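# Structural description and commentary
Next come the chains, spelled out residue by residue.
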Amino acid sequence: MDPFALKKLNAARRARKAAVLLTDLGDGRDRVIEEGDPVAGNLGDAVVRALNSGKAEQATIEGRAFFINPHLPEPRMVIIGAVHISQMLAPMARMAGFEVIIIDPRTAFATEERFGGFDLRAEWPDVVLKTAPLDRHTAVIAVTHDPKIDDGPILAALEANCLYIGALGSRKTHGSRVERLLAAGAKANDIRRIKAPIGMNIGASGPAEIAVAILAEVISVFRLRAEIA
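Figured I'd write up the structure that's included with this text. As the structure is a computational prediction, the values presented were derived from the model and not from experiment.

### Some thoughts on the overall build of the chain
When helices and strands are counted, the chain shows nine helices and nine strands. Burial statistics for the chain: of 229 residues in total, 45% are counted as buried. Counting only contacts in the chain whose residues sit at least 6 apart along the sequence, the fraction spanning at least 24 positions is 58%. On the chain, roughly 11,700 Å² of surface is accessible, and the fraction owed to carbon and sulfur atoms is 54%.

Next comes the structure, spelled out in structure tokens:
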């Protein structure tokens, strides 16, 4: 690999930016294309497809053969609320390969005894997200039932086009949430991306089963990438 391309890939990785290493199979030259870089025509379509799927592919464009190898940031899960569901969800998500951050300003809940070994932030979400901004490779799980804590990061997740946005609560609770988000400036089409009630409908009962349902839904969106394509 060209040293300059390797340096650019490493920089993208540190910045949590998706990129592809594009290799011309005819002459062996390669270059790095970061997500959002303009690439015209069929080659651009192939690059976007690889970024959305996370899968490498070979493509022949106008008689030239290319190998398109995507490099995506490690998937991350930001859990808003250090509650019982979070105690079940955090270790499951870690085992599934997600970097996990748990945020809750309520120090009675956000304790090392409950979440030892995890990146636990006993601060308000808006403070944490200034130093750990959301991106489209992050799943946001809001489970406090407290609008003062949940609504801000949900709005931030919508703005960042996060991979997955889910919020705990009944349909009635979510209806009230939608009204608040609209009043705060969110767009109706964006709000429809929020998974509420949260998690796959598996008839879950209790924190452990709800955590399974949430993780299953996040993995489904992550692997299919249909929600962010």
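Read on for the rest.
### Some details on the environment of Ala15
Take Ala15: it is sitting in the loop between α1 (3-14) and β1 (19-24). Spatially, the C-alpha atoms of Ala15 and Thr111 are 29 Å apart, while their sequence positions differ by 96 residues.

### Topic: the pairing of β1
With six of six residues buried, β1 lies mostly within the body of the structure. Residues Ala19, Leu21 and Thr23 line one face of β1 and the alternating positions Val20, Leu22 and Asp24 line the opposite face, and both faces are buried. Note: β1 against strand β2 (residues 30-34), five bridges, orientation antiparallel. Paired with Thr23 across the bridge in β2 is Asp30. Taking the residues between adjacent antiparallel strands as the criterion, β1 and β2 are bridged by five residues, where Gly28 takes a positive phi near 80°. Judged from the six bridges that link them, β1 and strand β4 (residues 64-71) form a sheet pairing that is antiparallel. Residue pairing across strands places Asp24 opposite Phe66, the latter belonging to β4.

### Comments concerning the pattern of salt bridges
Counted by the stated rule, this structure contains twelve salt bridges. Taking the shortest distance from any N to any O, the salt bridge between Asp135 and Arg16 comes out at 2.8 Å. Of this pair, Asp135 sits in the loop between α5 (125-131) and β8 (138-142) while Arg16 sits in the loop between α1 and β1, and the two are 119 residues apart along the sequence. Put simply, Asp151 and Arg180 hold a salt bridge, and the shortest N to O gap is 2.6 Å. Residue Asp151 is located in helix α6 (residues 147-159), and its partner Arg180 is located in helix α7 (residues 171-183); the two are separated by 29 residues in the primary sequence. Through salt bridges with shared partners, a single network forms among Arg16, Arg76, Glu99 and Asp135.

### Remarks on the pairing of β8
In terms of burial, β8 is largely enclosed, as five of its five residues are buried. Along β8, one buried face is formed by Thr138, Val140 and Ala142 and the opposite face, lined by Ala139 and Ile141, is buried too. The pairing of β8 with strand β9 (residues 164-167) spans four bridges and is classified as parallel. Bridge pairing in β9 places Ala142 opposite Ala167. A crossover links β8 with its parallel partner β9, the connecting element being α6, and its sense is right-handed.

Thresholds, definitions, all that
Residues numbered from 1 in each chain as written. Predicted model: local features only at pLDDT ≥ 70, side-chain atom pairs only at ≥ 80, totals over all residues. Heavy atoms only, no water. Helix = DSSP H or I, 4+ residues; strand = E, 2+ residues; numbered from the N terminus. Buried < 20%, exposed > 50% of the residue type's maximum accessible area, 1.4 Å probe, protein only. Contact = heavy atoms within 4.5 Å. Areas by Shrake-Rupley, 256 points an atom, 1.4 Å probe, with all protein chains shown as cover. Pairing = 2+ DSSP bridges. Salt bridge = Lys/Arg side-chain N within 4 Å of Asp/Glu carboxyl O. Right-handed = clockwise from strand over helix to strand, strands pointing away.

As far as function goes, none of this settles anything; it's purely spatial.
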